[in-house]
Amino acid sequence: MTTFYLTTPIYYVNGLPHIGHIYTTVVGDTIARYRRLRGDDVFFLTGTDEHGQNIERAAVSRGMTPRELADSIVAAFQETWRRMGMSHDDFVRTTEQRHALGVAEIVRRIEASGDLYSGEHEGWYCASCESFYTEKELLPGNRCPVHESATEWQSEENVYFRLSAYQERLLELYRDSPGFVQPRTRLNEVRSFVESGLRDLSVSRAGLGWGIPFPGRPGQTVYVWLDALTNYISALGFGREGEEAARYRRFWEGGDVRLHLVGKDILRFHAVYWPAFLMSAGLPLPTTVWAHGWWLRDQRKVSKSTGNLVRPDELIERFGTDALRYFLLREMIFGQDAQFSDEGFVDRYNSDLANDLGNTASRVVTLARSAFDGKTPPVACDDNPLIAAAAEAVAGYRAAMEELAFQRALESLWRLLAEANGYLVEREPWKLIKSEGASERVARILYNGLEAVRIVATALLPVMPELAPRVLAAVGSPRPPERFDGPGGLEWGGTATGAPLPAPEPLFPRIDKEAYFNETPAARGRAGGGEAADSGEGSTEDRAPAGRGAGTAPLEKTGGGQARAAARAEEGDGMITIDRFFETELRVATITAAEPVPKSNKLLKLTVDLGGESRQVVAGIAKEYDPGALVGKQVVVVANLEPAKLMGVESQGMVLAASVDGAPVLLHPGREVPNGSRVR
Ligand code: MSP
């Protein structure tokens, strides 16, 4: 029996769950359910990441203690997971004692291997906050974003981890276990990051109250990522003794699969820092880190820090949790970004669920009930073209599920539904019933229709844990199987003959699209959105001393004064405060390469040097500028813009241009200045 351990990231507790968090957890839950049905020994973990400066600040801005904030948000996450039918085996909170024991143990081991040393950490320090800020976070004049008072350049003593010593071993890991990072394209990304050289990592903070005290280093707190990553083993009992560590031994030390599901923005922490910490501590590594893409809305990442949200409540209320689960898995190619739109959601619901699944099921049930006195047909049928179609669909489904290709898995099942429909349309049992009544021929045809739907619904159990059993009950199979390979599983012939068939209930009522979009147009534009942006996922960057997290969102400042000023500006006459303006990070960059974007007559793909950092920026200037003439020119770039895809090409910023009669005219500094210079 395969022991299969899988985890979601643990979620920050500075905001309510949105579609991005739900996605990772739905993926985890679907894999966990699939694996259990396949007969594996599964442990599925999720939880919350509750320490660190960001949480502390978010709490302060709400007038709460960090613990109060964490408790209230954790309750919301747990309630959402319950509503969404998540079947996690455990929910870990980094504020739990069992987690602190695991962190203490991993630190002890890393220390014992000689990989920790004390060093200076420098930055802008606000005495009132007792914390450091990055230049980006400061108000003009290097002022504190919370207190608006002057900060000082200070250095503090921190504990450093010898990350640089693990460069070779990490490269070896990527070479020897190419499946360690999935999808493969992401492995290249991680490898080139490591190849470009690893700097030692500060793994403690001085004077940060909200965190785990660093063992043996008074006044120091464990760096939030070392704290957070350790959840994957602390939840299993690492750092405890005997029976309390039994799960750790079973699923981590002795487990066959240790799979971390993560979003692409936190891949580096999982594929570089985490294995290095584990290597240093002499512990087994995860077998796979699987990075998925982002849900985008209007080309921007769905994210709390930008206020670009898709909250689940309205969708769940209207369509049910399983429709949302289905949509998320069907619509996103696992590993790539996907667009969320309300229209796309309704279309997918109507075509796949209401029509293909719902109508096929209710049509065949209605016919069987009328012909066979409210029962399934009295004879089974083991010789018909749907048997081969079902075997093929199931094989395609299983192969795709093993590769986490959910979209393909679902497509394979929907091919079987299409075959079943074609089979019924060709044989017209509704006509035969009129001419022959409950004949053997009619019995066989309807048995096959019911059986095809049963197989699809059985394979959908991991995806739609609430509705798939109801579809099964509707087609006369009220007891969902425990195993795919057991009775009533994915083999042909599981439908019982002569079994009661309840009157069909509408499982997927069709949505009248026009009426739906007219109901509450404001809400339609932004399903469940509208929550004020506040501090958030930009904190990935805050946690990444070794560089810019790929495509992190701009940080919204939450400091009381500033938040109030921003709120005033939002209520007012379209004026914004200077602080608001300075949230846009404008920097000078030199264009080092330029080429047209394929199939576009407007877009150019530019590579720009932002002062030691190279970025790809897509600009709508192809009609006005010759790519060759742009190379070497300095331009002004919005450096903290969410990455977005334009004609399939990622843009990591935006160049500024005056708009003259609708045509762009690029802005250049008056003389050559160092790349990366801030524009104020
Ligand atoms: N707390 C850290 C993770 C620590 S794991 C040891 C964190 N938390 S988070 O709440 O900001 O994000 C959790 C996960 O949600 C990440 O994997 C992130 O990629 C994912 N998503 C957040 N927004 C997303 C989308 N718009 N789309 C898909 N997933 C995204 O990072």
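Only a predicted model underlies this, so the values are computations on that prediction, with no experimental measurement involved.

### Some words on the overall build of the protein chain
Part 1 of the argument: Helix and strand counts for the protein chain stand at 24 helices and 24 strands.
Part 2 of the argument: Burial analysis of the protein chain (680 residues in total) assigns 55% to the buried set.
Part 3 of the argument: For the protein chain, long-range pairs separated by at least 24 residues make up 75% of all intrachain contacts whose partners lie at least 6 apart in sequence.
Part 4 of the argument: Accessible area of the protein chain: about 27400 Å², with a carbon and sulfur share of 50%.

### Looking at the site of the ligand
Part 1 of the argument: Surveying the vicinity of the ligand reveals 25 residues, the closest of which are Ile10, Asp49, Asp265, Trp295 and Val302.
Part 2 of the argument: Between the ligand and Ile10, the relevant distance is 2.8 Å, taken from a nitrogen atom to a main-chain nitrogen or oxygen of the residue.
Part 3 of the argument: His21 is positioned such that a nitrogen or oxygen atom in its side chain is 3.5 Å from an oxygen atom of the ligand.
Part 4 of the argument: Burial of the ligand by the protein amounts to 100% of the accessible area it has alone, namely 670 Å².
Part 5 of the argument: If one sorts the elements of the shell around the ligand by residue count, strand E1 (residues 3-12) sits on top with four residues.
Part 6 of the argument: Split into classes, the residues belonging to the shell around the ligand amount to 13 nonpolar, eight polar and four charged.

### Re the packing of helix H5 (residues 167-176) against helix H6 (residues 184-195)
Part 1 of the argument: Packing of H5 against H6 leaves a shortest axis separation of 10 Å and a crossing angle of 160°. For the element pair H5 / H6, the angle class is roughly antiparallel. Crossing of H5 over H6 shows left-handed handedness. Where H5 abuts H6, its residues Gln167, Leu170, Leu171 and Tyr174 lie against Leu187, Val190, Arg191, Val194 and Glu195.
Part 2 of the argument: Residue classes in the contact of H5 with H6 are distributed as six nonpolar, one polar and two charged.

### Thoughts on the side chain of Arg615
Part 1 of the argument: Relative to the helices and strands, Arg615 resides in strand E18 (residues 614-619).
Part 2 of the argument: You can call Arg615 buried: its relative accessible area is 4%.
Part 3 of the argument: Side-chain polar atoms of Arg615 contact the side chain of Glu613, separated by 2.8 Å.

### Brief notes about the sheet that holds strand E14 (residues 300-301)
Part 1 of the argument: Taking strand neighbours across the sheet as the criterion, the three strands line up as E14-E13-E15 in an open arrangement whose pairing is mixed. Each of the sheet's edge strands pairs with one partner strand only, and the pair in question is E14 and strand E15 (338-339).
Part 2 of the argument: Of the pairings in the sheet, the one linking strand E13 (residues 295-297) to E14 comprises two bridges and is antiparallel in character. Looking at the pairing, Leu296 lines up with Lys301 of E14.

### Concerning the sheet that holds strand E7 (residues 181-182)
Part 1 of the argument: Taken together, six strands build an open sheet; the order of strands is E3-E2-E1-E11-E12-E7 and the sheet is parallel. At either end of the open sheet lies a strand with only one pairing partner, and these are strand E3 (90-93) and E7.
Part 2 of the argument: Sheet analysis places E1 next to strand E2 (residues 41-49), joined by eight bridges and oriented parallel. Within E2, the residue paired with Ile10 across the bridge is Gly47.
Part 3 of the argument: Packing of helix H1 (residues 19-38) onto the sheet brings it into contact with E1, E2, strand E11 (257-263) and strand E12 (288-292), and relative to E1 it is tilted by some 165°.
Part 4 of the argument: The strands touched by helix H10 (residues 267-281) within the sheet are E7, E11 and E12, with E11 carrying the most contacts at an inclination of about 140°.

### Topic: helix H16 (residues 429-436)
Part 1 of the argument: Those residues of H16 that fall on the buried side of the exposure criterion are Pro429, Leu432 and Ile433. On an axial view of H16, the arc spanned by its buried residues comes to 105°, and they lie on one face. Projecting away from the buried face of H16 at angles above 90 degrees are the exposed residues Lys434 and Ser435.
Part 2 of the argument: Among the structural elements, helix H13 (342-371), helix H15 (406-427) and helix H17 (440-459) are those in contact with the buried residues of H16.
Part 3 of the argument: Backbone geometry just after H16 places Gly437 at a positive phi near 70°.

### Re helix H11 (residues 312-319)
Part 1 of the argument: Within the span of H11, buried status applies to Pro312, Leu315, Ile316 and Phe319. Along the long axis of H11, the arc covered by the buried residues comes to 100°, so they all point the same way.
Part 2 of the argument: Of the residues one or two after H11, Gly320 is the one with positive phi, at around 90°.

### As for unusual backbone geometry
Part 1 of the argument: In this chain, Gln182 is followed by Pro183 through a cis amide linkage whose omega measures -15°.
Part 2 of the argument: Summarising the element assignment, Pro183 is placed in the loop between E7 and H6.
Part 3 of the argument: Of note in this structure, Lys599 is not a glycine but carries a positive phi near 65°.
Part 4 of the argument: In this structure, Lys599 sits in the loop between strand E16 (586-596) and strand E17 (604-609).
Part 5 of the argument: A relative accessible area of 82% means that Lys599 is categorised as exposed.

### Overview of the pairing of strand E24 (residues 663-666)
Part 1 of the argument: Along E24, the buried face is formed by Pro664 and Leu666; none of Ala663 and Val665, which line the opposite face, is buried.
Part 2 of the argument: Strand direction decides the pairing type here: strand E23 (residues 657-660) and E24, joined by four bridges, are antiparallel. Along E24, the bridge assignment pairs Val660 with Ala663.

### A look at the pairing of E3
Part 1 of the argument: Side chains of E3 alternate between two faces, with Asp90 and Val92 and Phe91 and Arg93 buried alike.
Part 2 of the argument: Note: E2 against E3, four bridges, orientation parallel. Its bridge partner lying in E3, Thr48 is registered against Arg93.

### Describing the packing of helix H12 (residues 321-331) against H15
Between two packed helices, the angle of one axis relative to the other and the distance separating the axes together describe the packing.
Part 1 of the argument: Here H12 crosses H15 at 110°, and the two axes come no closer than 7 Å. The orientation of H12 with respect to H15, classified from their angle, is roughly perpendicular. When H12 is examined against H15, the residues Tyr326, Leu329, Arg330 and Glu331 are found in contact with a partner set consisting of Phe406, Gln407, Leu410, Glu411 and Trp414.
Part 2 of the argument: The residue makeup of the contact of H12 with H15, split by class, is five nonpolar, one polar and three charged.

### What about the pattern of salt bridges?
Part 1 of the argument: Following the criterion strictly, the structure yields 40 salt bridges and no others.
Part 2 of the argument: The partner of Glu402 in a salt bridge is Arg38, and the shortest N-O contact between them spans 2.8 Å. Of this pair, Glu402 sits in helix H14 (residues 385-402) while Arg38 sits in helix H1, and the two are 364 residues apart along the sequence.
Part 3 of the argument: For Arg38, a relative accessible area of 25% translates into the label partly exposed.
Part 4 of the argument: Its salt-bridge partner being Arg348, residue Asp352 comes within 3.0 Å of it at the nearest N-O pair. Separated by four residues within a single helix, Asp352 and Arg348 lie in helix H13, roughly one turn from each other. As far as burial versus exposure is concerned, Asp352 and Arg348 are alike and both buried.
Part 5 of the argument: One salt-bridge network, held together by shared partners, links Arg330, Glu331, Arg348, Asp352 and Glu411.

Scoring rules and cut-offs
- Residues numbered from 1 in each chain as written.
- Predicted model: local features only at pLDDT ≥ 70, side-chain atom pairs only at ≥ 80, totals over all residues.
- Heavy atoms only, no water.
- Helix = DSSP H or I, 4+ residues; strand = E, 2+ residues; numbered from the N terminus.
- Buried < 20%, exposed > 50% of the residue type's maximum accessible area, 1.4 Å probe, protein only.
- Contact = heavy atoms within 4.5 Å.
- Areas by Shrake-Rupley, 256 points an atom, 1.4 Å probe, with all protein chains shown as cover.
- Near = heavy atom within 4 Å.
- Polar contact = N/O pair within 3.5 Å; in protein donor to acceptor, adjacent residues only side chain to side chain.
- Nonpolar A, V, L, I, M, F, W, Y, C, P; charged D, E, K, R; others polar.
- Axes fitted to C-alpha atoms, helices over the stretch in contact; angles between N-to-C directions.
- Parallel < 35°, antiparallel > 145°, perpendicular 65-115°, else oblique.
- Left-handed = near helix turned anticlockwise from the far one by under 90°.
- Pairing = 2+ DSSP bridges.
- Arc of directions from axis to C-beta.
- Salt bridge = Lys/Arg side-chain N within 4 Å of Asp/Glu carboxyl O.

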